[in-house]
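Residue-level structural notes
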Amino acid sequence: MAEQETDLNELMIERRKKLDDLKKAGIEPYNNDFVRSHSITEVLDNFDKLTAEEKKVKIAGRVMALRDHGKSSFADLVDLSGKVQLYAKKGEVGEEKYSLFTDLNIGDHIGIEGTLFETGRGEITVRIQEFKLLAKSLRPLPEKWHGLKDVELRYRQRYVDLIVNPDVKETFIARSKIIHGIRGYLEEKNFLEVQTPLMHPIAGGAAAKPFTTHHNALDTDLYLRIAPELYLKRLLVGGFEKVFEIGKNMRNEGLSRKHNPEFTTLELYQAYADYEDIMDTTEELIKTVAEDVLDDLEITYNDHKIDLNSWNRMTMVEAVNNHTGVDFTNVSTLEEAKSLAEENNLECEEKVSIGEIINEFFEEIVEEKLIQPTFITQYPVEVSPLAKRNSDNPAFTDRFELFIAGNEIANAFSELNDPIDQKERFEKQMEQREAGDDEAHRMDQDFIRALEYGMPPAGGLGIGLDRLVMLLTGSESIKEVILFPHLRPEN
RNA sequence: GGGCCAUUAGCUCAGCUGGUAGAGCACCUGACUUUUAAUCAGGGUGUCGGAGGUUCGACUCCUCCAUGGCUCACCA
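Because the structure is a prediction, the values reported are computed rather than measured.

1. Let's talk about the overall build of chain A
Summing up its helical and strand segments, chain A has 16 helices and 18 strands in all. Its C-alpha radius of gyration of 29 Å places chain A more than 25% over the 23 Å reference for a compact globule of 491 residues. Viewed in the frame of its principal axes, chain A has a C-alpha envelope of about 90 × 50 × 50 Å. Buried residues in chain A amount to 48% of all 491 residues. Sequence-distant contacts in chain A: of pairs separated by 6 or more residues, those separated by 24 or more amount to 63%. In the structure as shown, chain A presents an accessible area of about 25200 Å², 47% of it carried by carbon and sulfur atoms. For chain A, the distance from the average position of its 60 positive side-chain charges to the average position of its 93 negative side-chain charges is 9 Å.

2. What to know about the nonpolar core
Counting 45 residues, the largest nonpolar core has Ile182, Leu266, Ile306, Leu308, Ile404, Ile463 and Leu468 as its most contacted members. It is helix H10 (residues 275-294) that provides the largest number of residues to this core, a total of 8 residues. With near-sequence residues (within four places) excluded, Ile182 lies in contact with Ile246, Leu266, Leu285, Val289, Leu465 and Leu468.

3. Quick word on unusual backbone geometry
The backbone of Asn190 shows a phi angle near 65 degrees, a positive value even though the residue is not glycine. Tracing the backbone through its elements, the reader meets Asn190 in the loop between helix H8 (166-188) and strand E6 (192-193). When its relative accessible area of 62% is taken as the criterion, Asn190 is described as exposed. Phi is positive for Asp303, which is not a glycine, with a value near 70 degrees. Along the polypeptide, Asp303 turns up in the loop between strand E12 (298-301) and strand E13 (304-307).

4. A short note on the packing of aromatic side chains
Under the criterion given, the structure shown has 9 aromatic pairs. Ring geometry for Phe375 versus Phe400: centroids 5.0 Å apart, planes at 85 degrees, classification edge-to-face. Pair noted here: Phe375 is in strand E15 (residues 374-380) and Phe400 is in strand E16 (residues 396-404), with a separation of 25 residues, a long-range link. Judged by relative accessible area, which is 0%, Phe375 ranks as buried. What makes Phe400 buried here is its relative accessible area of 0%. Three or more aromatic residues joined by ring pairs form one cluster here, namely Phe74, Tyr87 and Phe117.

5. Concerning helix H1 (residues 10-24)
The end-to-end C-alpha separation of H1 is 21 Å, in line with the 21 Å expected for 15 residues at 1.5 Å each. When we look at burial in H1, the residues that qualify are Met12, Arg15, Arg16, Leu19 and Leu22. Relative to the axis of H1, the buried residues are bounded by an arc of 115 degrees and lie together on one face. More than 90 degrees from the buried face of H1, the exposed residues found are Glu10 and Lys24. On its buried face, H1 sits against helix H5 (95-102) and strand E5 (124-135).

6. A short note on the protein's contact with RNA strand B
Lys18, Gln85, Trp145, His259 and Arg467 are the nearest of the 51 residues found near RNA strand B. Across the atoms of RNA strand B situated within 4 Å of the protein, the share located in sugar and phosphate is 59%. Between RNA strand B and Ser72, the relevant distance is 3.4 Å, taken from a sugar or linking oxygen to a side-chain nitrogen or oxygen of the residue. Contact distances for RNA strand B include 2.5 Å between a base nitrogen and a side-chain N or O atom of Glu123. Of all the elements in the fold, those that place two or more residues in the surface near RNA strand B are H1, strand E1 (57-68), strand E2 (72-79), strand E3 (82-89) and helix H6 (151-156). Here the element with the most residues in the surface near RNA strand B is H1; it accounts for 5 residues. Of the residues that constitute the surface near RNA strand B, the class distribution is 13 nonpolar, 12 polar and 26 charged.

7. Quick look at the pairing of strand E11 (residues 262-271)
Counting buried residues in E11 gives 9 out of 10 residues, a clear majority hidden from the surface. As paired strands, strand E10 (residues 242-250) and E11 are joined by 9 bridges and run antiparallel to one another. If you follow Gly247 over to E11, its bridge partner there is Thr265. Two strands pair when backbone bridges link them, and E11 and strand E18 (residues 458-464) are joined in this way by 7 bridges, in the antiparallel orientation. Within E18, the residue paired with Thr265 across the bridge is Gly464.

8. A look at the environment of Glu229
Note on placement: Glu229 falls in helix H9 (residues 229-238). Along the backbone, Glu229 and Trp311 are 82 residues apart, and their C-alpha atoms lie at a distance of 26 Å. Those residues in contact with Glu229, other than ones at most four positions away along the chain, are Gly205, Glu267, Tyr269, Leu386, Phe413 and Glu415.

9. Notes on the pairing of strand E9 (residues 220-224)
The pairing of strand E7 (residues 199-200) with E9 spans 2 bridges and is antiparallel. What sits directly across from Met199, in E9, is Leu224. Linking strand E8 (residues 212-215) to E9, which pair antiparallel, is a turn of 4 residues; within it Asp219 sits at a positive phi near 45 degrees.

So, how was this worked out
- Residues numbered from 1 in each chain as written.
- Chains lettered and ligands numbered in written order.
- Predicted model: local features only at pLDDT ≥ 70, side-chain atom pairs only at ≥ 80, totals over all residues.
- Heavy atoms only, no water.
- Helix = DSSP H or I, 4+ residues; strand = E, 2+ residues; numbered from the N terminus.
- Rg over C-alpha atoms; globule rule 2.2 N^0.38 Å.
- Buried < 20%, exposed > 50% of the residue type's maximum accessible area, 1.4 Å probe, protein only.
- Contact = heavy atoms within 4.5 Å.
- Areas by Shrake-Rupley, 256 points an atom, 1.4 Å probe, with all protein chains shown as cover.
- Lys, Arg positive; Asp, Glu negative; His and termini not counted.
- Charge placed at Lys NZ, Arg CZ, Asp CG, Glu CD.
- Core = buried A, V, L, I, M, F, W, Y, C linked by side-chain atoms within 4.5 Å.
- Phe/Tyr/Trp six-rings, centres within 6.5 Å; stacked < 30°, edge-to-face > 60°.
- Expected span 1.5 Å × (residues − 1).
- Arc of directions from axis to C-beta.
- Near = heavy atom within 4 Å.
- Polar contact = N/O pair within 3.5 Å; in protein donor to acceptor, adjacent residues only side chain to side chain.
- Nonpolar A, V, L, I, M, F, W, Y, C, P; charged D, E, K, R; others polar.
- Pairing = 2+ DSSP bridges.

Next up, the structure:
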């Protein structure tokens, strides 16, 4: 207590004094032996039955309001399930217990035993017979009807945010339901859930800067994973035909409304499937989950009405043509592509391929306009180092990304399983790395070795779960869907 | 990292062209035996984000710094 003295304000001193007084009076402020008979919502829902049997209920929760009327007193008690009003009468509980009750502070946890009645205004209320402090609260809670608004405090002290802002709790319950729904859907389809390493000797499976760490006993540097992809594909080589993993990826990059350094993804791989099968799966998966969580396939996000009943599919070249009028179908030289970029004010001087320029057009101009669910297919091979080439046009890959509300939700492709082509693609990436692109993919010899044993043709999918949760909960910042988002350390 | 904005009581916020800090909630004291944003009477609990500067005088003007938000760049 002494070391905390400096940041104690008047309100906290007051509460510590109360705590000391309780202890002096021999009252335990942190009781541990209270057993509930009902949750608060169970009490409210079974009012008729419980009163008919004149049954005592034992409930526990946090005191969120106190209304002292002299010789009687009301309080609001809140648990996870809901809120109920308490009523204590001096003549019924006795002077000593009554004054303990009125001495409670907002924020205290108590357990109470009592019977139910209905007040004159029709509110179901528990008449207290016995009560016990379960945890004395030593800090004042934020204001009761504006809640806690300061976003920095909300994220740093998420526990307070959760206490006073009910919507926040709803968001994280929805997040849990979404992830639970995904698991249920995939298990139904006989996918095997696996866990692959978080610490990688080579950070692969995505274009990103990794966090570095060090293993002392092995005296070797390791990278926190930027994607589980290459490990999951090794499992296809091993004979698992349908696998998925839900977990964290870490990327050492900037923070934004859409980016947290650690984020959660679903990746799944299915042998003997291709990207079109995966497209069907993606659509069905998201519809299923949305229906679970929202009971509705029409959602509003960022003032956009989004209809999850209708999903568009178009190639990247078509999408660029539709939104910019620039048709790359017959563009065959890099010079031509560069001059088109220049006409459209896109900086493409360092780009070394037509594919990268098409991708630039798409990312810069088209992406944000894709509000309704849209699968963009046929990505240029240069920006898709792990995807299989299209058999009719090898400059493009059998890949899609899903966009909803202008955000990328999913990335998927027919997996490249030709070890020689894969090795060449890694070598191209290595050249880019040497040319200064420190986000280019790294060569992974063991992964090539695995492919050389033979990986069955397969479709793979990655979904950014944080972004999916944002979409389905109407959250405009990724920090709203991550319980403890990354912030600069305090002090 | 660049640009813009914000930072005043535990919380939500006022505070005018520079004159020495306020409200509501919360908290404490008292009244009140069915209230529910309970009410009534009293009590202000503050390094005005930090450090400099200008000024007789700074919450207010200037500079720098810190933290956060939005945004741009990079990325999912």
